[in-house]
Structure formats: structure tokens, C-alpha cells
Amino acid sequence: MSQPADDRSADSLPNSLQAIPWQTWFAEGVRFVIAPLILFLSGFFTADFLLSGVYTWPRTSRALALTLTVAILSYEFVYKEQKTKQTDQKAVPPLKTVLYSCLLPYGIGALALIALVRLAS
């Protein structure tokens with residue numbers, strides 16, 4: 001018996017579409033939980049550094065390391081993961097994913113610090 005042409009077996013799918021369930025859970029967990037939480041906190045502490053006015057070398061190097069770490073997290077775990085899913089028509093474009101999962105929480109974290117400063121004064 002021959003199988004219908006539209007019935008795809010798992011062997012005929014590209015590797016990016018043969019996601020193991022734990023890989024899918026991990027990727028979505030990073031996109032929806034870990035990255036936004038880390039970027040929210042990063043925006044908070046970066047705004048704290050910028051608004052404090054204390055620009056010593058140790059504090060500046062920590063802020064630069066934090067910024068570099070956030071950029072790497074955003075690129076490696078959010079942008080590249082979404083780029084591999086781009087073959088699917090229902091997938092969100094990678095830059096829009098970075099905007100919602102990374103840039104928006106970063107900005108909200110910075111605004112949260114500004115709001116706390118306003119409440120304290």
C-alpha cells in the first residue's frame with residue numbers, strides 16, 4: 001500500500017520542525033518567562049545605574065557586562081530560536097518576538113524604577 005502524498009512522516013520533516021517536546025517547552029519558557037523577567041530586572045538596574053550619577057569603573061563595567069549579557073540572551077535564545085520557526089507561516093516574525101519578549105520588558109523595568117523614584121520623593 002502507498003501512503004497519500006500529503007501525509008508526512010517525521011523523517012521527511014526538517015530538523016527544525018522535529019522539535020522534541022522538552023526543547024519546545026524550554027524555548028517557549030525562555031521566550032515567555034525567563035527572558036522577560038531577566039530583561040525587566042536588567043532595565044531596572046541599568047536605569048538605577050544611569051540615574052544614580054555614580055559612574056565608577058566597577059559599576060560601569062558591571063552595567064556594560066549586564067548590557068552585553070542581555071544582548072546575547074536576546075539574540076541567541078529569542079531571535080535565533082524564532083528565526084528557526086520562521087518557516088512556519090503562523091510563526092511570529094523574529095524581530096517582533098524580540099520586541100515583545102525583550103525590549104518591552106526592558107523598558108518597563110526602567111519605567112518601574114522611575115515610578116518608584118517619583119513615589120519616594
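Now for a description of the structure that goes with this document. (Residues numbered from 1 in each chain as written. Predicted model: local features only at pLDDT ≥ 70, side-chain atom pairs only at ≥ 80, totals over all residues. Heavy atoms only, no water.)

1. A word on the overall build of the chain
Phase 1 of the analysis: The number of helices and strands found in the chain is three helices and zero strands.
Phase 2 of the analysis: For the chain, the N- to C-terminal ordering of α and β elements is α-α-α.
Phase 3 of the analysis: Relative to its 121 residues, the chain shows a buried fraction of 22%.
Phase 4 of the analysis: About 8900 Å² of surface is accessible on the chain, with carbon and sulfur atoms providing 68% of the total. (Helix = DSSP H or I, 4+ residues; strand = E, 2+ residues; numbered from the N terminus. Buried < 20%, exposed > 50% of the residue type's maximum accessible area, 1.4 Å probe, protein only. Areas by Shrake-Rupley, 256 points an atom, 1.4 Å probe, with all protein chains shown as cover.)

2. Brief notes about the packing of helix α1 (residues 21–52) against helix α3 (residues 94–120)
Phase 1 of the analysis: Across the interface, α1 lies against α3 with an axial gap of 7 Å and an inter-helix angle of 40 degrees. When the axis of α1 is compared with that of α3, the two are oblique. Considering how the two elements wind past one another, α1 and α3 form a crossing that is right-handed. Together, R31, A35, P36, L39, F40, S42, G43, F44, T46, A47, D48 and L51 of α1 and T97, S101, C102, P105, Y106, I108, G109, A110, A112, L113, I114 and L116 of α3 make up the contact between the two elements.
Phase 2 of the analysis: The class makeup of the residues in the contact of α1 with α3 is 16 nonpolar, six polar and two charged. (Axes fitted to C-alpha atoms, helices over the stretch in contact; angles between N-to-C directions. Parallel < 35°, antiparallel > 145°, perpendicular 65-115°, else oblique. Left-handed = near helix turned anticlockwise from the far one by under 90°. Contact = heavy atoms within 4.5 Å. Nonpolar A, V, L, I, M, F, W, Y, C, P; charged D, E, K, R; others polar.)

3. Looking at the packing of aromatic side chains
Phase 1 of the analysis: In total, this model carries three aromatic pairs according to the counting rule given.
Phase 2 of the analysis: The interplanar angle of 75 degrees and the centroid separation of 5.3 Å between the aromatic rings of F49 and Y55 together place this pair among those described as edge-to-face.
Phase 3 of the analysis: What makes F49 buried here is its relative accessible area of 10%.
Phase 4 of the analysis: A ring pair is formed by Y75 and Y79, whose centres lie 5.7 Å apart and whose planes are at 20 degrees; its orientation type is stacked. (Phe/Tyr/Trp six-rings, centres within 6.5 Å; stacked < 30°, edge-to-face > 60°.)

4. Details of helix α2 (residues 57–84)
Phase 1 of the analysis: Taking 1.5 Å per residue as the helical rise, α2 with its 28 residues ought to reach 40 Å, and the 39 Å between its terminal C-alpha atoms agrees with that figure.
Phase 2 of the analysis: Along its length, α2 shows its largest kink, about 30 degrees, at Y75.
Phase 3 of the analysis: Of the positions making up α2, those classed as buried are A63, V70, L73, S74, V78 and Q82.
Phase 4 of the analysis: Contacts made by the buried residues of α2 are with α1 and α3. (Expected span 1.5 Å × (residues − 1). Bend = angle between axes of the 7 residues up to and from the residue.)

5. Describing the packing of α1 against α2
Phase 1 of the analysis: It is at 10 Å that the axes of α1 and α2 come closest, and there the two elements cross at 155 degrees. Taken together, the axes of α1 and α2 are roughly antiparallel relative to one another. Along this stretch, α1 crosses α2, giving a crossing that reads as left-handed. Along its contact with α1, which presents A27, V30, R31, A35, I38, L39, S42, F45, T46, D48, F49 and S52, the element α2 presents R59, T60, A63, L66, V70, L73, S74, F77, V78, E81 and Q82.
Phase 2 of the analysis: Its residues assigned to classes, the contact of α1 with α2 comprises 13 nonpolar, six polar and four charged.

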